[in-house]
Amino acid sequence: MGRQLALADSDGKRGTRVGVHERWGPEATRELRELYEPLRRFAAVIGRWDVDPDDLVQEAYAKVLVKDPAQIRDLGPYLRRTIANLATDERRRKSKVTSIMNRLNESGTSKDSYPSDLEDLMRLQPRVRALLFLVECDGHQIAEAADAVGMTHSNARVALMRARRRLRSELALEANGE
Amino acid sequence: MSELQERLNALSRRGKPRGVDAVFDEAARIAATTAEAEVDGDELDPIPFVSTEPARRPRRRMSSLIAATGVTVLLLVSMLAVTAFLGSGGANTPEGAVRKLADAISHEDPLAAADVLAPSEIQSLHGTLDAASKRAAELKLVQQAGAPLSGLDFDVDDLQLTAENLGADYAKVRIQGGTIRARTEHEKFSPLVQKSLGDPATNEGRVDLRQGWGDESAPQDLFVVAVRQGGHWYVSAAYTTLEYIRVGNELPAADFGSGARNIATLGADTPEAAVENGMRALQASDWSALIALADPKELPLYDYRAALLEHANRNETKTEFTISSMAATATVSGDTAKVSLTAAGTGGSGGTWSVDGGCFRAPPSGSSEGENVTSGEEDTTWCVGQTFGSPFSLGLVGSSVGPRPGGPSEITVVRREGRWFISPAGTALDVLDTWIANTDQRALYILLGQVESLPPDAVITLNTKVRLPESTGYANAAVYEFQGRAGQEVLADITPHLPDGECCSYNAFIVNADGSYVSDGSMPLYGNPVALPADGTYRIVVTIYGNGGDSFTLWDAAQAPADVRKKTGESCRHVGGAGTSCFDSASGSDVLDPGVVTPGAGTALPAPTIAKDSGETCVQTSNGKYDCSNSATADSSLPVDATSIP
């Protein structure tokens, strides 16, 4: 899944490679591993239903492990943003009907078979869903969450407002048996 | 825990985790066999460089360079269209066509480039882009209409090409080596564009064409498809695009030329039938029928029908809507017709949809395609030909309460060998025609992020509520003139206030009479007043990203209500070009007004003392931060290492 950066140098030979563990060291590696669980949860929220969250996390790890650790000041936000980008790439790789056709076809273009109680969440834009998760469940500030999913702070605020409003009314309808 | 949180948690735990060992070790194995690509200045997969330092983060960056480039490319294509229409052009071989194009790009010579683009694909652009060229010169977007690429420098070097025969008149030219370099020369752009670009530094990027594309385990050569028309070879944008889609998705080969050979059996009997049959095909998800209705000379979908149908099958692409009524009326002029469609039905969720000329109303849905938040939560109507919004995103189709006067409401249909076909390009160009015709200086200022140049829409009095325009959105603004005094502080407020302590999503900054920013672009928002430097006339520019029609008040801060003066912890500043920078002052280096620190009951604050706004309480949260807020739902917090304030 996805595409890793190709390797080339001016002579057409592969560049000098430093081992991953040599580059990252035991402490940085431990820090990366400790991020697995929160990253997997984030990936599970932002990714398509038919995409294994572990695939997104794995690819994000693979991308970051080829980097120089000194280039990355904070692994958590960096990896979350990477996962968000990978999830977007994955969605774009799938064939889609246009926005108008998707609105005409509420069941979407893929065979989603998620539980009915998650349907409301799955109908949200993935990044909005991820925003909600980061703010409601992980306790992030809106600004941090917006950065993680690649939205402007202002868009994130509006998106959260609308999503909460909509979900509240849908949950209320469910509670009333509608 | 709320129901929402429970469901989010359930979603986050879906699937069976493979475990950190399996995932991380596999990632490390992959990384060990991969090294970072040496791509100069142009990442294939841009990875964010995210910093947790309390930096001022851009709230919104207008891609000024892209906007400027996009418009000049538009003009380039207009030049291409004109000369292609008039000239014979082309090259003797497929490789020759690609080399000619590369050479034209290197010399920024649109006339030479025009010679090698397939005439059948760009002839229809002539009228539209001729208008664009003139309009751009009128609006001073370019210095000269005849030199639209001034400021951009391209170089294509060391091309290594190999042609592969695809059919009698079709060839795939593989690019097995070479580089493309692009450079901007700030001073050569028009003054209007220079202002948007901001940074006067020369920018440069380079791409090594050897790196190919596709799966990293088996990267493929880049390629261009060439077609032979009238005995000459041309580069085909349509075939190239479709071939990339086909190859990228591992789809069956195209049947080159089959559309042209079978044209007499494709299409429809009448222009109305072409459109109505298209709607029925769409409703039935009959992609084969829909493909047969597209003009094969303009867009060779028929040649690629096997690939497209396979793609649709794999993804189970289906529509789910009904058509309860439909009527099409055509106006024919020679081999072209304009068809106006009126139709209605229901969507998959049972909501109704309708098309009435230039406006489409979709069934209500909270989920929308695309990455940006669109304006208008409940607005599900799209009308073509809206002026505002970036033409380089989906801004040509803006949500609106109705079609813009003069906007297109018709589908273009063309006749080929007695059969009528839907012309996607012709229809799209009608939209562009309207946009170009309706683009005025105001729209251009907004597009280029120079809203400080806008004249005022009205004169306002401080402390008086004003109703904002209906369809403000991503790239629209309302400008108000007001009188101020030296030292007077003003504060902007837009209602309705959003629940949960969230502030609204808008920008507002104050401009002096000479167009310069007051207080270096600081925004009088979120409880942060802006002081006016002198007695005189000012303008306040307001852009809003929510529903239009909200109320706006510019307050004398001394007279503003308490809830307007409440600080939310965020400060915003207008930066160069169209950007704004907002940062949470609680996490930045700025210090809130010092006041008495009143820790929450039972919580002891460690040294150093936390600086906070007077009247706030600071409570240590579970993630080790301090939440200093005037309400339980406010957004601000301070890092634990906040500077001590005496």
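Residues numbered from 1 in each chain as written. Chains lettered and ligands numbered in written order. Predicted model: local features only at pLDDT ≥ 70, side-chain atom pairs only at ≥ 80, totals over all residues. Heavy atoms only, no water.

Some remarks on the sheet that holds strand β22 (residues 551–556) of chain B
Working definition: the strands of a sheet are paired by backbone hydrogen bonds and lie parallel or antiparallel to each other.
All names here are of chain B.
Next up, step 1: With respect to topology, four strands assemble into an open sheet ordered β16-β22-β18-β20, the strand pairing being antiparallel. Two strands in the sheet have a free side with no partner beyond their single neighbour: β16 (465–467) and β20 (530–531).
Next up, step 2: Relative to β22, strand β18 (residues 489–495) runs antiparallel, the two sharing six bridges. If you follow Ala492 over to β22, its bridge partner there is Leu554. (Pairing = 2+ DSSP bridges. Helix = DSSP H or I, 4+ residues; strand = E, 2+ residues; numbered from the N terminus.)

Observations regarding the packing of helix α1 (residues 20–34) of chain A against helix α2 (residues 20–32) of chain B
Next up, step 1: Here α1 of chain A crosses α2 of chain B at 155°, and the two axes come no closer than 13 Å. The angle between α1 of chain A and α2 of chain B places the two elements in the roughly antiparallel class. The two elements α1 of chain A and α2 of chain B meet at a crossing, and its hand is right-handed. Along its contact with α1 of chain A, which presents Val20, His21, Thr29, Leu32 and Arg33 of chain A, the element α2 of chain B presents Val20, Asp21, Phe24, Asp25, Ala28, Ala31 and Ala32 of chain B.
Next up, step 2: Looking at the contact of α1 of chain A with α2 of chain B residue by residue, the class counts come to seven nonpolar, two polar and three charged. (Axes fitted to C-alpha atoms, helices over the stretch in contact; angles between N-to-C directions. Parallel < 35°, antiparallel > 145°, perpendicular 65-115°, else oblique. Left-handed = near helix turned anticlockwise from the far one by under 90°. Contact = heavy atoms within 4.5 Å. Nonpolar A, V, L, I, M, F, W, Y, C, P; charged D, E, K, R; others polar.)

Describing the pattern of salt bridges
All names here are of chain B.
Next up, step 1: Counted by the stated rule, this structure contains 23 salt bridges over all chains.
Next up, step 2: Among the salt bridges present, the one from Arg280 reaches Glu276, with a minimum N-O distance of 3.8 Å. Separated by four residues within a single helix, Arg280 and Glu276 lie in helix α11 (residues 271–283), roughly one turn from each other.
Next up, step 3: A relative accessible area of 43% places Arg280 in the partly exposed class.
Next up, step 4: A relative accessible area of 18% means that Glu276 is categorised as buried. (Salt bridge = Lys/Arg side-chain N within 4 Å of Asp/Glu carboxyl O. Buried < 20%, exposed > 50% of the residue type's maximum accessible area, 1.4 Å probe, protein only.)

Structural notes on the nonpolar core
Next up, step 1: Counting 60 residues, the largest nonpolar core has Trp24, Leu32, Tyr61, Val64, Leu65, Leu79 and Ile83 of chain A as the members making the most contacts within it.
Next up, step 2: The contacts of Leu79 of chain A, once residues within four sequence positions are left out, are Leu32, Leu35, Leu39, Ala60, Tyr61 and Val64 of chain A.
Next up, step 3: Formed by 44 residues, the second largest nonpolar core is a distinct cluster that contains Val98, Leu159, Phe223 and Val225 of chain B. (Core = buried A, V, L, I, M, F, W, Y, C linked by side-chain atoms within 4.5 Å.)

Let's talk about the confidence of the model for chain B
Residue and element names in this part refer to chain B.
Next up, step 1: Within chain B, residue pLDDT values average 71, and 62% of them lie at 70 or more.
Next up, step 2: When pLDDT is averaged over each helix and strand of chain B, the minimum, 31, is found for strand β1 (residues 57–60) and the maximum, 96, for strand β14 (residues 419–422).
Next up, step 3: Confidence over residues 365–379 falls short of pLDDT 50; this stretch has 44 contacts with residues more than four positions distant or in other chains.
Next up, step 4: Predicted confidence for residues 576–580 stays below pLDDT 50, and this span has 19 contacts to residues more than four positions away or in other chains.
Next up, step 5: This prediction of the complex comes with two scores: 0.53 for pTM and 0.80 for ipTM. (pLDDT = per-residue confidence, 0-100.)

Here we look at the environment of Asp514 of chain B
Residue and element names in this part refer to chain B.
Next up, step 1: By secondary structure assignment, the location of Asp514 is in the loop between β19 (506–511) and β20.
Next up, step 2: Separated by 62 residues in the primary sequence, Asp514 and Glu452 have C-alpha atoms spaced 9.5 Å apart.
Next up, step 3: Engagement of the side chain of Asp514 in a polar contact is seen with the side chain of Ser516, the distance being 2.6 Å. (Polar contact = N/O pair within 3.5 Å; in protein donor to acceptor, adjacent residues only side chain to side chain.)

Here we look at the packing of α1 of chain A against helix α2 (residues 36–46) of chain A
Residue and element names in this part refer to chain A.
Next up, step 1: For the pair α1 and α2, the least separation of the axes is 5 Å and the interaxial angle reads 40°. Classified by the angle their axes make, α1 and α2 are oblique. In this structure, α1 contributes Leu32, Arg33 and Glu34 to the contact, and α2 contributes Tyr36, Glu37 and Pro38.

A closer look at the side chain of Thr82 of chain A
Next up, step 1: Examined against the element boundaries, Thr82 of chain A turns out to sit in helix α4 (residues 75–93).
Next up, step 2: A distance of 2.8 Å separates a polar side-chain atom of Thr82 of chain A from the backbone oxygen of Tyr78 of chain A.

As for the confidence of the model for chain A
All names here are of chain A.
Next up, step 1: Per-residue confidence for chain A gives a mean pLDDT of 75, with 74% of residues at or over 70.
Next up, step 2: Per-element confidence in chain A ranges from a low mean pLDDT of 46 for helix α5 (residues 99–104) to a high of 94 for α2.
Next up, step 3: The model gives residues 95–111 a pLDDT under 50, and that stretch makes 46 contacts with residues more than four places away or in other chains.

Examining unusual backbone geometry
All names here are of chain B.
Next up, step 1: In the Ramachandran plot, Ser285 falls in the positive-phi region, its phi being about 55° despite a non-glycine side chain.
Next up, step 2: Tracing the backbone shows Ser285 in the loop between α11 and α12 (287–291).
Next up, step 3: Note on Ser285: relative accessible area 16%, which makes it buried.

Section: the environment of Ala558 of chain B
Residues and elements named next belong to chain B.
Next up, step 1: Along the chain, Ala558 falls in the loop between β22 and α16 (562–565).
Next up, step 2: Residue class for Ala558 comes out exposed when judged on its relative accessible area of 72%.
Next up, step 3: Expressed as a C-alpha distance, the spacing of Ala558 and Gln488, which sit 70 residues apart in the sequence, is 8.7 Å.

Some words on α2 of chain A
Next up, step 1: Taking burial as the measure, the eleven residues of α2 of chain A include nine buried ones, the bulk of the element.
Next up, step 2: Those residues of α2 of chain A not exposed but buried are Tyr36, Leu39, Arg40, Arg41, Phe42, Ala43, Ala44, Val45 and Ile46 of chain A.

A few points about the pairing of strand β8 (residues 336–346) of chain B
All names here are of chain B.
Next up, step 1: Of the two faces of β8, the one lined by Ala337, Val339, Leu341, Ala343 and Gly345 is fully buried and the one lined by Thr336, Lys338, Ser340, Thr342, Ala344 and Thr346 carries no buried residue.
Next up, step 2: By the bridge criterion, nine bridges tie strand β7 (residues 325–333) to β8 in an arrangement that is antiparallel. From the neighbouring strand, Ala330 faces β8, where its bridge partner is Val339.
Next up, step 3: Between β7 and β8, which pair antiparallel in sequence order, lie two residues; one of them, Gly334, sits at a positive phi of approximately 65°.
Next up, step 4: Taken together, the five bridges between β8 and strand β13 (residues 410–416) define a ladder with antiparallel strand orientation. Bridging from a neighbouring strand, Thr336 pairs with Val414 of β13.

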